[in-house]
Amino acid sequence: MKVNDIMTRLEAKHPGESEYLQAVREVLISIEDVYNQHPEFEKAGIIERIVEPDRIFTFRVPWVDDNGKVQVNIGYRVQFNGAIGPYKGGIRFHPSVTLSSLKFLGFEQTFKNALTTLPMGGAKGGSDFAPKGRSQAEIMRFCQAFVVELWRNIGPDTDVPAGDIGVGGREVGYMFGMYKKLAREHTGTFTGKGLTFGGSRLRPEATGFGALYFVQKMCDEYHIMLRGKTVAVSGFGNVAWGAVTKATELGAKVVAISGPDGYIYDEDGINTPEKIAFMLELRNSGNDVVAPYADKFPRSRFFPGKKPWECKVDIALPCAIQNELNLEDAKTLKKNGVILVAEVSNMGCTSDAVDFFIENEMLFAPGKAVNAGGVACSGLEMTQNAMHISWSNEEVDKWLHQIMNDIHEQCVAHGRNDEYINYVKGANIAGFMKVADAMMAQGIV
Ligand code: GLU
């Protein structure tokens, strides 16, 4: 395989799908050597097959807003790769959603899910619907309209959607409600459900908690004490909230969170139950701003229009959206003496930022390893649903911890180069080998 040749062909076939092409290139560069040691992969066209989704559904989502006006959005479900299990991955409602972004997310999800050790294929879906400023009734009608179209293509052993940006417990509840009505079955077709109707304990916390378990393992590997370290987090949604909660519990001090409007710096730490709960209030307000934090806690400061990467901290955790940390930011982090960067968002860093971290042998881990705790907990929810039981907090947390440790171990096994661990390479090779082996065993399909 020659990465450049494959990329040239893909660029010609899918022009303008920049995020998808970025994600594919990153994986291909990591696996090139390993792939070339397996001529049977080349013969079976593994690369040509693995970079294309199994199938894509695109559909119109018409709905009526509170003023009686008809609105039309586009809905998608990208079933990327079903080699190792039923399709699994979240639904994103955000104005930035395009086919390219969902293809990148579905591609990443395939390898992430492989890393979790659970049998789940990769998928992603969503819509360009913008929940910001929409009423509860509008959100419900939109979710229902989305599922009226999607429901025939999903099922507990076919494709199991969940949440992502713009889709939390409330939206999953509405989508599940309509699914159940149309399919006439109460099965685990969605994860991230409410606890009273088949949801798993710890699912809302799992992405952030899992990320911090992973960060803890990175610290252990390099004999760094997490306790006492300062942390900058971007975002203030569900994932950021879980990360802040667990970082605080593990003795680190989170001093920054951010929103599309700028960032908050709180020198005292975002570390009291009141402050952490306020993040949820901000999110539930639906306004997508963090500025009110500084009004509520006057010892903190709001920096309008800025990113939290300019703060002098020990650890940086991008928790918001793809490509939110660029090369300039990466250089600033290095200059400020940051010792560890872990992507909690999917592809949170631009390619040149990732290259910069690796060239400078900085401790860096990619989203598909760090944030896999969310989908892993979804996998545990599927298991509980299939068994018609529910596990306690302790049981789920034990699994989550174990899975994150396993992912870390796989990254180290495939990414170690003398003293330095290239977590990007480690995660990509481990994920790829599992999916490729499954595809080899199943013939040309
Ligand atoms: N959207 C999350 C992710 O990016 C979770 C997906 C799921 O739980 O299926 O992995």
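Analysis parameters
Residues numbered from 1 in each chain as written. Predicted model: local features only at pLDDT ≥ 70, side-chain atom pairs only at ≥ 80, totals over all residues. Heavy atoms only, no water. Near = heavy atom within 4 Å. Polar contact = N/O pair within 3.5 Å; in protein donor to acceptor, adjacent residues only side chain to side chain. Areas by Shrake-Rupley, 256 points an atom, 1.4 Å probe, with all protein chains shown as cover. Helix = DSSP H or I, 4+ residues; strand = E, 2+ residues; numbered from the N terminus. Nonpolar A, V, L, I, M, F, W, Y, C, P; charged D, E, K, R; others polar. Axes fitted to C-alpha atoms, helices over the stretch in contact; angles between N-to-C directions. Parallel < 35°, antiparallel > 145°, perpendicular 65-115°, else oblique. Contact = heavy atoms within 4.5 Å. Patch = residues over 30% accessible without salt bridge, like charges linked within 9 Å, V, L, I, M, F, W, Y side chains within 5 Å. Salt bridge = Lys/Arg side-chain N within 4 Å of Asp/Glu carboxyl O. Buried < 20%, exposed > 50% of the residue type's maximum accessible area, 1.4 Å probe, protein only. Arc of directions from axis to C-beta. Pairing = 2+ DSSP bridges. Right-handed = clockwise from strand over helix to strand, strands pointing away.

### A short note on the site of the ligand
Taken together, 14 residues lie around the ligand, and K88, K112, G163, D164 and S378 are the ones closest in. Taking K112, its side chain carries an N or O atom lying 2.7 Å from an oxygen atom of the ligand. Contacts to the ligand include R203, whose side-chain N or O atom sits 2.9 Å from an oxygen atom. In the complex, 95% of the free accessible area of the ligand, which totals 290 Å², lies under the protein chains. Mapped by element, the contributors of at least two residues to the shell around the ligand are β3 (87–93), α5 (99–115) and α15 (372–387). The residue makeup of the shell around the ligand, split by class, is 2 nonpolar, 7 polar and 5 charged.

### Concerning the packing of α5 against helix α17 (residues 423–441)
In contact at an axis separation of 8 Å, α5 and α17 are set at 85° when each is read in the N-to-C sense. Classified by the interaxial angle, the pair formed by α5 and α17 is roughly perpendicular. Across from T110, F111, A114 and L115 in α5, the residues of α17 making contact are A427, A430, G431, F432, K434 and V435. Counted by class, the contact of α5 with α17 contains 7 nonpolar, 2 polar and 1 charged residues.

### Description of a nonpolar patch on the surface
The grouping of V64, V70 and V72 at the surface amounts to a nonpolar patch, some 250 Å² of accessible area in total. Summarising the element assignment, V72 is placed in strand β2 (residues 70–81).

### A look at helix α1 (residues 3–13)
Within α1, the full set of buried residues consists of V3, I6, M7 and L10. Burial along α1 is one-sided: seen end-on, the buried residues are contained in an arc of 95°. Projecting away from the buried face of α1 at angles above 90 degrees are the exposed residues N4, T8 and A12. Where α1 is buried, its residues contact α2 (18–36) and α4 (46–50).

### Let's talk about the pairing of strand β7 (residues 253–259)
The buried fraction of β7 is high, at 6 of 7 residues. Bridge count between strand β6 (residues 230–233) and β7: 3 bridges; the pairing is parallel. Looking at the pairing, V231 lines up with V254 of β7. Following the backbone out of β6, through helix α9 (residues 238–249) and into the adjacent parallel β7, one traces a crossover that is right-handed. From the end of β7 to the start of strand β8 (residues 262–265), which pair antiparallel, there are 2 residues.

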